[in-house]
Amino acid sequence: MKSRVNLAATSPTASSGPATGQVAQWLVQRAAQRTPSTLRERLAEEWQAELTARGGAVARLRFAMGCTWASLVMAHDPLAFGACPAAAAGRGSVSVLGAHDSSFFSRRTTVLFFIVCVHVAAIYGLASGFRQQASDKVSPPAIKAHVEDLPRILEVVLPPMIFTKPDVKVMDPPPLPKFELLPVIAPPATVTLGPTIPPSTGQSSDKAVTRVPGGPGKGFPSTREFYSSAAILAEESGVAAIRVCVDAAGRLTSDPIIATSSGYPRLDKDALALARAGSGHYRSTTENGAPISDCYAYRVRFELR
Amino acid sequence: MSLQTLRVLEAFLENPAEELSGADVQKRGKLASGTLYPILLRLESAGWFVSRWEEIDPSRIGRPRRRLYRLTSGGLRRASEVFATFSRGVPA
């Protein structure tokens, strides 16, 4: 009782914030009440004395919370703490070494408690939709104020807007290439070979051969794809004659060559590339309707529109 | 025996004859009060420590009396045996 009288004089509330001191003192008293009855009064006085020795409000609160935890540990295992004054030497080793590790229990329980708290807070937040409510409460007045101020600000700051017809020159579109596959040069469209004249007999033959020369056929690539952009930019145009040798199936049998240059190496190169790409799509020359291997020339026109 | 218990014992073994309050042990062992008091009381219950009230006049000193703990001879022997098993004491 003597110590309790002195406690009032040296209460933690005297040197720290009254609320903090009272809370810490209340926590310590509550903690002491939870301990086994044989230790209750002793720990109440001991912890009050230790609480008084603490310097700041935070330290006192920490100490009080620690005492609360200590009381829970003691309440969890009252047999280990109920007979303190009895110096049972034989029991000592068993009690000390076999006792549960309060620090481990503390750490594990603290972590579990923290996890549970986080989950509860998250579930509460999701369930109540407090973010939406908060934004609904806060945002409208702010937005309204800004929107109401906006016309006035625009009137003051911005000059009157005058719309004039912009002076825009319409540019001519860039020239487009014109492509044209010209008919074969050398042989005429239809060549009829006349009867060979025998050198000495003076008799004429009754047999005549109808020959139809070949050329670019169905599925032949478009010249548009082979008109190089460099040639277009340089505005190069012209006609190149290509000589190709084609088999009965319309495939090239040798590399095509330039029969007549367009005057521009780039266009000649484009024409050759086109001729190579068209292999398999040539129309073969026919004799009496039968396709044969043959060599002929055709022209490719590269023209800018 | 837990690391915290070893720290409590180490605090007393620095000067086995010295009497320490809970605050002193807490400061030396760097332990939280929630960990310290169960250990102190358990060791006292096991006979490793004895405790007594500080013999002061609280009204004259201006603070309440503290509880002081001291190793018993048996506690000192056992604590020494425990630490003898370690080659390098208690890690910090």
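Placed above this text is the structure.
Residues numbered from 1 in each chain as written. Chains lettered and ligands numbered in written order. Predicted model: local features only at pLDDT ≥ 70, side-chain atom pairs only at ≥ 80, totals over all residues. Heavy atoms only, no water.

Enquirer: Quick question: what am I supposed to make of the pattern of salt bridges here?
Expert: Oppositely charged side chains may form a pair once their charged atoms are brought near each other. The tally for this structure, following the rule as stated, stands at 15 salt bridges over all chains. Here Glu45(A) ties to Arg65(B) by a salt bridge, and the two come within 2.5 Å at their closest N and O atoms. Of the two residues, Glu45(A) sits in helix 3 (residues 37-53) while Arg65(B) sits in the loop between helix 4 (58-61) and strand 3 (67-71), which places them in two different chains. For Glu45(A), a relative accessible area of 11% puts it in the buried group. The class of Arg65(B) is partly exposed, set by a relative accessible area of 26%. The partner of Glu54(B) in a salt bridge is Arg63(B), with the nearest N and O atoms 2.9 Å apart. Under the relative-accessibility criterion, Glu54(B) is labelled buried at 12%. Exposure remark for Arg63(B): the relative accessible area of 26% places this residue in the partly exposed category. (Salt bridge = Lys/Arg side-chain N within 4 Å of Asp/Glu carboxyl O. Helix = DSSP H or I, 4+ residues; strand = E, 2+ residues; numbered from the N terminus. Buried < 20%, exposed > 50% of the residue type's maximum accessible area, 1.4 Å probe, protein only.)

Enquirer: Would you explain unusual backbone geometry in this entry?
Expert: Most of the time, phi is negative for any residue but glycine, and the peptide bond is trans. Even without being glycine, Asn288(A) reaches a positive phi, approximately 55°. For Asn288(A), the location among the structural elements is in the loop between strand 8 (285-287) and strand 9 (290-292). Asn288(A) gets classed as exposed once you look at its relative accessible area, which sits at 52%. Backbone geometry places Lys30(B), a non-glycine residue, at a positive phi of 55°. Along the chain, Lys30(B) falls in the loop between helix 2 (22-29) and helix 3 (33-45).

Enquirer: Explanation requested: the packing of aromatic side chains in the structure shown.
Expert: What describes a pair of aromatic rings is the distance from one ring centre to the other and the angle between the planes of the rings. Residues and elements named next belong to chain A. Taken as a whole and assessed by the stated rule, the structure comprises seven aromatic pairs over all chains. When the centroid spacing of 5.0 Å and the interplanar angle of 70° are considered together, the rings of Phe220 and Tyr282 count as edge-to-face. A residue pair is termed long-range when its members are at least 10 positions apart, and Phe220 in the loop between strand 4 (215-216) and helix 9 (229-233) and Tyr282 in strand 7 (residues 282-283) qualify at 62 residues. For Phe220, a relative accessible area of 12% gives the class buried. For the ring pair Phe220 and Tyr298, a centre distance of 6.2 Å and an interplane angle of 90° mean the geometry is edge-to-face. Note that Phe220 is positioned in the loop between strand 4 and helix 9 and Tyr298 in strand 10 (residues 294-304), a separation of 78 residues in sequence. (Phe/Tyr/Trp six-rings, centres within 6.5 Å; stacked < 30°, edge-to-face > 60°.)

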